[in-house]
Amino acid sequence: MNMADDSVVYGPPAWTLDHDALEVIWTVFRPGYLVAIFVLGWAMNVAVFGQFKVDYCTVLGIAKDEVVSPGRLIVVALSLLMAFGACRFALLDAPSVLAILWSMLAAYAIGLFGLFIHLPSAL
């Protein structure tokens, strides 16, 4: 006696199929690219303030040692874009979508810890 329902299809989750997997991968990559675009906009803001001789420190109420140069912000944004691009192309031949997702989540965790590298020491 067969108790299994023939109308139920057991198999891989829907997002592991090719088209849906691509959607999931780009959804995971999107926040990193948005952060890079934000940093580029921040660099443009700092450059505009410098071009028009607006005292950035007084306007924002921050100390002089907390100001970041636009060049450094552009380097950070470009390095983020290159890292995500390299990671994306390296993962094209990944054996499964789960490997791609876990590696991107690990990259985000490493990137979050990387933010604390340039923090000034406590006073």
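Predicted, not measured: the structure shown is a model, and the values here were computed from it.

**A look at the nonpolar core**
Item 1. Among the nonpolar cores identified, the biggest contains nine residues, and these are I25, V28, F29, F84, L91, V97, I100, L101 and M104.
Item 2. Secondary structure elements with two or more residues in this core: α1 (18–51) and α4 (97–114).
Item 3. Among the elements that take part in this core, α4 stands out by supplying four residues, more than any other.
Item 4. One finds V39, V46, F49 and A77 within the second-largest nonpolar core, a separate group that totals seven residues.

**Some details on unusual backbone geometry**
Item 1. The residue K53 is not glycine, and still its phi comes out positive at about 55 degrees.
Item 2. Looking at where K53 falls in the secondary structure, it is placed in the loop between α1 and α2 (56–60).
Item 3. A residue is classified by how much of its surface remains accessible, and K53, at 73% relative accessible area, is exposed.

Here is what the cut-offs are and how they apply
Residues numbered from 1 in each chain as written. Predicted model: local features only at pLDDT ≥ 70, side-chain atom pairs only at ≥ 80, totals over all residues. Heavy atoms only, no water. Core = buried A, V, L, I, M, F, W, Y, C linked by side-chain atoms within 4.5 Å. Buried < 20%, exposed > 50% of the residue type's maximum accessible area, 1.4 Å probe, protein only. Helix = DSSP H or I, 4+ residues; strand = E, 2+ residues; numbered from the N terminus.

No statement about biological role is implied by the geometric values presented.
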